[in-house]
Structures are given as structure tokens and as C-alpha cells.
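Results of the structural survey
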Amino acid sequence: MLEEVHVSLPADAEAIAALKLGSVVYLDGVVYTARERVYQRVLNEGHSLPQGLGEISNVNFHCSPAAAVKDDGTYEIGGVTATASFRFSKYLADWLDLSGTKIIIGKGGMPGDDYQHVLAPRGAVYLTTVGYGTGALLGRGVQGVEAVHWLDEFGIAQAMWLFRVKDFGPFLVDSDLQGQSLFAQQGDLVNRKIDDLYTGLKEPALHRYGETKDRTDELI
Amino acid sequence: MISNQSIETASYEIMKKAAIDIPEDYLAGIKSVASRESGELSGFVIKTMINNYQTATEDRRPMCADTGLPRYYVKVGDQAAFEGGFTGIERALRSATARATRDVPLRPNRVHPLWRTEHNNNVGINAPEIEWTFEPDADWIDITTVHKGGLFGTDYRMLFPGDGVDGIKRFLLDTLISFGKRGLCCQPAIIGVGLGGSKDTCMQLGKQAACLRMVGNRNPDPKIAQLELELMELGNSIGMGAMGFVGSSMVVDLHIEVGHTHTGGLPMSVHTFCLSSRRATARLHSDGSVAYRTDPKWFTPYHRRETIDWDQLSRGEAHA
Ligand code: SF4
């Protein structure tokens, strides 16, 4: 059985240090969404963060919700699903420094280098959503919208949403404060068998430009 | 007579059904791969997904917040009586897309490729896609919507006749391994393989194979059916399960569709229909009645015909 833990947000240093690779995590408190448009706005264009963000939440969810603005101006949140995080690698060091964020949630993890050199030294860890398509389960964990920023300018998918959440999960711990990665460890185990799968298959008639034959390589 | 209004209403219904309710055949398929899964992490992921499908149905919320790219497949019977012309149908489908996006709600995913601007309703230039086919001896219109995840798990390659089945296996392994790592393609998935045709047809065939056939359905050509099973087993022997964790759950089913192709080539495409395998179909009859189902029944014998004339003798099987 996988270990299950509940973490209250904003998460304190002790709770984060206690997270072990492969543990199942549920969150209570406030999480915020931010992806490329928000990062660009703050980091490249120099806009300031919404006031008090750091005190309310230290969890950055790489997510675009299925949401709608109702006629009375309130929000309806349907499903909530993470988006692939590796694309945001270049923003993260500055973002963590500026926002004080300690937990990143997303899809697919980040390269191991980022864990060792960017997240772990800043006391931050990465949680991955499970199966990725668990939008309904995660949607159920969202109790309400605390605030939303840049909605008109960026649209629903790219706006910064602050969600009040309860029993929000499950997530799996992908990285810890030592900078280890669950995905990388599992990937290494899978890689050991890969060569065998190709033995006996003849070479392709035409190779592709830029083709790698090292199947332990990853696309991210 | 089938009115534009009833097409709009039925399409809105299937948009909702597709987004919320996991098709039974796929759920059964997932449960059967799960029962063979020995990897602890992979097993946990699949259990969570099954839980997620239940939650979606209970709460009437989309199973995945990533809407994918909603699109339509329309099959029009020769005897179908409908008003408003073909452009009337297209307008109804666009309207249903916008309405469902707001009401379910679905995430508006569609943006202009260069300006990244959107209409917040999943409608735009060439969006939603609508593919048309026709059917003899039928007085109905079938409308199927598919919301397929859009970013990972699809690839195309021009193989050559000499590459044969080895080449097919090699390219399938390449695709599944590269997109299976970290579970980028959200496996376990229904895999569609397109073989032959011209490049664009090949892509289309593979996508339709993934999205428009039921789990457990086999290609009518017994040798192709055999190859489907063989490739499915190959995919599940990679040693990779859900999210790329150690395990055996990669392929829920594998479908192959073929098209006659250039004598010198063997084009191949691979498509993965993710953990949210969203499809739903409505049949609108000329008498005004509507029936809903999850089996698109897209690949009819007529659709896969090989000859100039549609053989009178095989007509009887067309709607079996
Ligand atoms: S690929 Fe995954 S995240 Fe994307 S639509 Fe499918 S289940 Fe959702």
C-alpha cells in the first residue's frame, strides 16, 4: 500500500521535508494556478504579483480549469486537470524566488536537473496529478474560487485562479528535498528492458534526420 | 424531416455525454487491464481513474478538464430527409459546440495558432472539424462527437514495403515508448494504427481507428485482426504501465485501419486515445426520432468497400 498524507496549506517546511517519493498526497487550503501567460506577465513584463499571494498560498498548480463565468458573475468550476510542466522549466527559478512557492503541482514532472538545481535548493517539491485525466475528482476537491486575476486579458485557461480546496487530490510525490525523482527512478527500471524489445527486428529502410536510437532518452 | 434544431439539440446532448460519461466498452477494457496489472504505482493510477469516472458521472462534471479538441463525424444516409442543407448542419454543430462549452462547462481550448486569441467557445477557423461520409439504404443521420486529447501520442512515418511487419512493430514501439514515458499520452489507451492511403489519409485512418471503434472490436480481415492482437500484446509487454511507471498497462485495445496506398510505400500512423476516451453518437431518423449510443458504427462494410460498385449482395450486411 502506498502511504497517504494530508497537508494543510500554506505548507510549512516540516510538512514538505516529510514528503516521500511515491506517497499519495491530499491538500487543504488555497492553491493558485499559473502557467506561461502569468509567468511572462510577471517575470518578463515586470508586473507585480497579486497582493498577499505568498501569505495565502505557496502551491502553484500548472492547470487550466474547465470553468465558466455565470450570469451573476460567480464562477462554475467543472473539471480541473494539470498541464505538462516541463514547458515551464525556464521560468521556475525566478518564479520560486519571487513568489515563495514551495509546492509545484502538474503533469509529467520536470527534468531531474531542475529538481536538483532549482526546486530542492529552494525547499520546494513537485507533486504530480494521477493519471492526469482525474479532472472530476480534483474538481470535487475545489470548494470555491477565492480570487481570479487577469481573466479578461488571458482567458479562462491562462488566468491565475485561486482555489479554496479540501481533500484535494490524490497527487503523487515526484520530487523530494534531496532532488530525487520518482519518474526518473521508474524510468530507469523500464529502460533496462527496452533493448530486448527490439532484438530481432530488422533495421528500417530509411532513417530519419535527427533520429536517436537511444531509447532511454526522454522527450521532455 | 430532420430539422436543424433537432440536430443542434442532439449534438449538444452528445457533447455533454462524451465529456462526462466514460463509454462502457472502454471502462470494461480498463478494468480488464487493471486486473492484470502487478505494478503498485500503475495499479494505483488506474484505480484512481476508475474512481474519477464515477465521480464525473455522479457530479455531472467533465471527467478531464482538458477538453481536447472536440470534433464531429457525420454519416448521412442516402434517404435521410433533412432541411437547411449541409451548411445548416454545419451551423448546428458549431452552435452545439459553443453552447455545451458554456453549459457543461468545457474548457475553451481552441485558440488561433499564431495569435493565441480565442472566442471562448471551442469554435473558430476550421474548428470544430467535421468529417462527412455517406451510407446507402439508410434514412438517418449519425452524428458522433469525439473529444480527443491533443498534444501527445500521435506520430507518422513513411515506411517501405520491405520494412514489413518488423517496421510496423519498430515504429509502434518507438511511439509508445517515447510518449509513454511519464505517461504523456495518458495510457492505458486505445491505440489506432493507420496503414496506407496517402499521408493525410493515413493520419485520418489511424485517428478514426483509435476513436471510432469499440474496445474488443476486430478488423473484418482475419489477418489484420491477428496483427491487431499481436501488436496489442507487444505494447503491453514493454514493461510500462500508467504514467510510465513499471507495469503492463499500456494498451487497452489496438485497432488497425487500412487504405490502398502508393506501390512504393507503407505509410503508418499511430494515435493514442487517452484515459478520457470521450465519444458519443446520436442517430436522427427522418421521422424525427433520436437514439443515443456510444458505438459510432463508423466503419460499415460500405465504408470499407474495395470496388467501384457497392455490391448488391453484401448490402444486407451493411447495417448488421
Ligand atoms: S490526454 Fe490526459 S489530460 Fe489530455 S484529455 Fe486525455 S486524459 Fe485528459
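Since the model is a prediction, treat every value here as computed from it, not as a measurement. (Residues numbered from 1 in each chain as written. Chains lettered and ligands numbered in written order. Predicted model: local features only at pLDDT ≥ 70, side-chain atom pairs only at ≥ 80, totals over all residues. Heavy atoms only, no water.)

What about the overall build of chain A?
- Within chain A, the regular secondary structure consists of eight helices and nine strands.
- Relative to the 2.2 N^0.38 estimate, which gives 17 Å for 220 residues, the radius of gyration of chain A is 19 Å and therefore close to what a compact globule would have.
- Burial status across chain A gives 55% buried among its 220 residues.
- Considering only contacts within chain A whose residues lie at least 6 apart along the sequence, 67% involve residues at least 24 apart.
- Entry remark: accessible area of chain A is about 9,400 Å², with carbon and sulfur atoms responsible for 47%. (Helix = DSSP H or I, 4+ residues; strand = E, 2+ residues; numbered from the N terminus. Rg over C-alpha atoms; globule rule 2.2 N^0.38 Å. Buried < 20%, exposed > 50% of the residue type's maximum accessible area, 1.4 Å probe, protein only. Contact = heavy atoms within 4.5 Å. Areas by Shrake-Rupley, 256 points an atom, 1.4 Å probe, with all protein chains shown as cover.)

A few points about the sheet that holds strand E7 (residues 266-273) of chain B
Residues and elements named next belong to chain B.
- A sheet is described by the order of its strands in space; here four strands give the open sequence E4-E7-E5-E6, paired in mixed fashion. Every interior strand has two partners, whereas the edge strands, strand E4 (155-159) and strand E6 (251-259), have only one. With direction set aside, neighbouring strand axes in the sheet form an average angle of 15 degrees.
- Sheet topology places strand E5 (residues 189-196) next to E6; eight bridges connect them, and they run parallel. Paired with Leu195 across the bridge in E6 is Val258.
- With respect to the sheet, helix H2 (residues 24-36) is in contact with E5 and E6, its orientation differing from that of E6 by roughly 125 degrees.
- Seen against the sheet, helix H6 (residues 199-211) touches E4, E5, E6 and E7 and runs at an angle of roughly 150 degrees to E5. (Pairing = 2+ DSSP bridges. Axes fitted to C-alpha atoms, helices over the stretch in contact; angles between N-to-C directions.)

Looking at helix H5 (residues 164-180) of chain B
All names here are of chain B.
- Here H5 contains 17 residues, and its C-alpha end-to-end distance of 24 Å stays within 8% of the 24 Å for a straight helix at 1.5 Å per residue.
- Counting buried residues along H5, 14 of its 17 residues qualify, which places the element largely inside the surrounding structure.
- Where H5 terminates, the next one or two residues include Arg182, which has phi positive at roughly 60 degrees. (Expected span 1.5 Å × (residues − 1).)

Some remarks on the domain arrangement of chain B
Residue and element names in this part refer to chain B.
- Examined at the domain level, chain B breaks down into domain 1 (4-17 + 63-148 + 279-304) and domain 2 (151-272).
- Distance from the C-alpha centre of domain 1 to the C-alpha centre of domain 2: 25 Å.
- With 14 residues of domain 1 in contact, the opposing surface of domain 2 contributes 16 residues.
- Both sides together, the interface formed by domain 1 and domain 2 hides about 1,300 Å², and carbon and sulfur atoms give 57% of it.
- Considering only the surface of domain 1 that becomes buried against domain 2, Lys148, Phe299 and Arg304 emerge as the three largest contributors, covering 45% of it.
- Run the count over domain 1 and domain 2 and you get one salt bridge.
- Summed over the shared surface of domain 1 and domain 2, the result is seven residue pairs in polar contact (both at pLDDT 80 or more).
- Put simply, the parts of the chain that give the side of domain 1 that touches domain 2 at least two residues each are strand E1 (69-77) and strand E3 (140-148).
- Counting residues per element, the side of domain 1 that touches domain 2 draws most heavily on E3, which supplies three residues.
- Residues of the side of domain 1 that touches domain 2, tallied by class, amount to five nonpolar, three polar and six charged. (Domains from an automatic or database assignment. Buried area = accessible area lost by both parts, 1.4 Å probe. Salt bridge = Lys/Arg side-chain N within 4 Å of Asp/Glu carboxyl O. Polar contact = N/O pair within 3.5 Å; in protein donor to acceptor, adjacent residues only side chain to side chain. Nonpolar A, V, L, I, M, F, W, Y, C, P; charged D, E, K, R; others polar.)

Points about the site of the ligand
- In the vicinity of the ligand, the contacting residues are Thr81, Lys107 and Gly133 of chain A together with Cys64, Asp66, Gly149, Cys186, Cys274, Ser276 and Arg278 of chain B.
- Surrounding the ligand are residues belonging to chains A and B, so the site spans chains.
- Of the residues contributing to the shell around the ligand, the split by class is three nonpolar, four polar and three charged. (Near = heavy atom within 4 Å.)

Structural notes on helix H1 (residues 4-20) of chain B
- In this model, H1 of chain B (17 residues) spans 25 Å end to end at C-alpha, consistent with the 24 Å of a helix rising 1.5 Å per residue.
- Of all the positions in H1 of chain B, only Ile7, Glu8, Ala10, Ser11, Tyr12, Ile14, Met15, Ala18, Ala19 and Ile20 of chain B are classed as buried.

Comments concerning the nonpolar core
- Leu172 of chain A together with Tyr26, Ile30, Tyr53, Leu212, Phe245 and Leu275 of chain B are the most contacted members of the largest nonpolar core, which has 40 residues in total.
- Contributions of two or more residues to this core are made by strand E2 (24-33) and helix H8 (182-198) of chain A together with H2, helix H3 (40-59) and H6 of chain B.
- Here this core takes eight residues from H3 of chain B, the largest share from any one element.
- Both domain 1 (4-17 + 63-148 + 279-304) and domain 2 (151-272) of chain B contribute no fewer than three residues apiece to this core.
- In contact with Leu172 of chain A, not counting residues within four places along its chain, are Leu2, Gly22, Ser23, Val24, Tyr126, Leu127, Thr128 and Val130 of chain A together with Leu41, Phe44 and Phe245 of chain B. (Core = buried A, V, L, I, M, F, W, Y, C linked by side-chain atoms within 4.5 Å.)

Side note on the interface of chain B and chain A
- Across the contact, 58 residues belong to chain B and 67 residues belong to chain A.
- When the two sides are added together, the surface that chain B and chain A hide from each other amounts to roughly 5,300 Å², 60% of it contributed by carbon and sulfur.
- The tally of links from chain B across to chain A stands at seven salt bridges.
- One salt bridge connects Asp71 of chain A with Arg102 of chain B, and the closest N-O pair in it is separated by 3.4 Å.
- The set of elements that each furnish at least two residues to the side of chain B that touches chain A consists of H3, E4 and H5 of chain B.
- It is H3 of chain B that contributes the most residues to the side of chain B that touches chain A, 12 residues altogether.
- Taken together, the residues that form the side of chain B that touches chain A break down as 29 nonpolar, 12 polar and 17 charged.

Focus: the packing of aromatic side chains
- Going through the model one piece at a time under the given rule, you end up with 17 aromatic pairs over all chains.
- When the ring of Tyr39 of chain A is compared with that of Trp95 of chain A, the centres are 4.9 Å apart and the planes differ by 65 degrees; the resulting orientation is edge-to-face. Of this pair, Tyr39 of chain A sits in helix H2 (residues 36-44) while Trp95 of chain A sits in helix H4 (residues 92-99), placing them 56 residues apart in sequence.
- Residues Phe86 of chain A and Phe152 of chain B carry aromatic rings whose centres are separated by 6.4 Å and whose planes lie at 55 degrees to one another, so their mutual orientation is tilted. Here Phe86 of chain A is found in the loop between strand E5 (75-82) and H4, whereas its partner Phe152 of chain B is found in the loop between E3 and E4 on a different chain.
- When its relative accessible area of 22% is taken as the criterion, Phe86 of chain A is described as partly exposed.
- Ring pairs connect the aromatic residues Tyr32, Tyr39, Phe88, Tyr91 and Trp95 of chain A, which therefore count as one cluster.
- Stacked on the ring of Tyr292 of chain B, the Lys or Arg Lys17 of chain B has its end atom at 5.0 Å from the ring centre.
- Above the face of the Tyr12 of chain B ring, Arg99 of chain B is positioned so that its terminal group lies 3.9 Å from the ring centre. (Phe/Tyr/Trp six-rings, centres within 6.5 Å; stacked < 30°, edge-to-face > 60°. Lys NZ or Arg CZ within 6 Å of the ring centre and 35° of its normal.)

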